[in-house]
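Observations on the model geometry
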Amino acid sequence: MSNVDVIYKKVHFRHDPRWSAITGPSAGDVVLCVACVIEMMESKDVSCVRKSVALAGVGGVLKRSPGAIKELLSQDARVGLHFIASLLGILRSSEDSATLEQGIQVLVHLLLELQSEQFVQDVLNDIHTQLSQQASVRGFLPIFTFLGKLVDVLPALPQTLACHHASPVQSHVHGSS
Ligand SMILES: [Zn+2]
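Presented here is a report on the structure given in the accompanying data block. Worth saying up front: this structure is predicted, and the values here are computed from it rather than measured.

What counts and what doesn't
- Residues numbered from 1 in each chain as written.
- Predicted model: local features only at pLDDT ≥ 70, side-chain atom pairs only at ≥ 80, totals over all residues.
- Helix = DSSP H or I, 4+ residues; strand = E, 2+ residues; numbered from the N terminus.
- Buried ≥ 20, exposed ≤ 12 C-beta atoms within 10 Å, placed from the backbone.
- Contact = placed C-beta atoms within 7 Å.
- Core = buried A, V, L, I, M, F, W, Y, C linked by C-beta atoms within 7 Å.
- Axes fitted to C-alpha atoms, helices over the stretch in contact; angles between N-to-C directions.
- Left-handed = near helix turned anticlockwise from the far one by under 90°.
- Nonpolar A, V, L, I, M, F, W, Y, C, P; charged D, E, K, R; others polar.
- Expected span 1.5 Å × (residues − 1).
- Arc of directions from axis to C-beta.

Regarding its fold elements, the protein chain presents 10 helices and 2 strands. Across the protein chain, helices and strands are ordered from the amino to the carboxyl terminus as α-β-β-α-α-α-α-α-α-α-α-α. Buried residues in the protein chain amount to 31% of all 177 residues. If you take every contact in the protein chain between residues at least 6 apart in sequence, the share linking residues at least 24 apart comes to 70%.

Mapped onto the elements, Ala 98 comes out in helix H6 (residues 97-114). For Ala 98, a count of 15 C-beta atoms within 10 Å puts it in the partly exposed group. Distance in space between the C-alpha atoms of Ala 98 and Val 49 is 8.6 Å, their sequence separation being 49 residues.

For Asp 152, the location among the structural elements is in helix H8 (residues 141-153). The class of Asp 152 is exposed, set by 11 C-beta atoms lying within 10 Å.

What follows is about the nonpolar core. By size, the foremost hydrophobic cluster in this structure holds 42 residues, and its most contacted members are Val 6, Cys 33, Val 34, Val 37, Val 58 and Leu 107. For this core, the elements supplying multiple residues, two or more each, are strand E2 (30-33), helix H2 (34-42), helix H3 (48-64), helix H4 (68-73), helix H5 (77-93), H6, helix H7 (117-133) and H8. For Cys 33, the contacting residues outside a window of four places in its chain are Val 6, Ile 7, His 12, His 15, Trp 19 and Ser 20.

A few words now on the packing of H2 against H5. Put simply, H2 and H5 touch, their axes get as near as 9 Å, and they point 30° apart. Regarding H2 and H5, the two cross each other, and that crossing is left-handed. Touching Val 34, Val 37, Ile 38, Met 41 and Glu 42 of H2 are Val 79, His 82, Phe 83, Ser 86, Leu 87, Gly 89 and Ile 90, all from H5. Residues belonging to the contact of H2 with H5 are distributed by class as follows: 8 nonpolar, 3 polar and 1 charged.

Before going further, it helps to spend a moment on the environment of Gly 80. Mapped onto the elements, Gly 80 comes out in helix H5. Classification of Gly 80 by C-beta neighbours within 10 Å gives buried; the count is 22.

With 17 residues, H7 should cover 24 Å at 1.5 Å per step; its first-to-last C-alpha distance of 24 Å lies within 8% of that length. Of all the positions in H7, only Val 120, Val 123 and Ile 127 are classed as buried. Across the axial projection of H7, the buried residues extend over an arc of 60°, all falling on one side. Among the exposed residues of H7, those oriented more than 90 degrees off its buried face are Gln 118, Thr 129, Ser 132 and Gln 133.

Set out below in structure tokens:
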């Protein structure tokens, strides 16, 4: 399933080709379009199954073509942040455990590949906002799972958390470990 191309045909014709990852010699070999991923993740008309398949596709590209997504996102930091924010939105909005699991995996893998303090910082800011808006404990769980996995792959993360997010993230992270 991870070999699925990540193109949202309905909207893709509107997108600049520079946001597409191409694996072959022709433009028809598009495997992923950053703009399509963002639109799919943010759309209420796209089913969670479709989102989950798309996330698996993003994960597949991360595995098969290391650096490809990083290269696309490095063209414009704002688009990179938007891409990551759209994935974080899945953690906030999805009720489906398979979709959540895919979203967490892709985010962790992506942040590891990007190796950018700015992106990690932005993710932490977003989570900080989510935590202060989240009313139910259940809603926190995907975020904690994600943070736990992120701490595993980015050993410097706890320090970043402690420096910039005294509360509530820090207390939750420490309380849950
Ligand atoms: Zn597109």
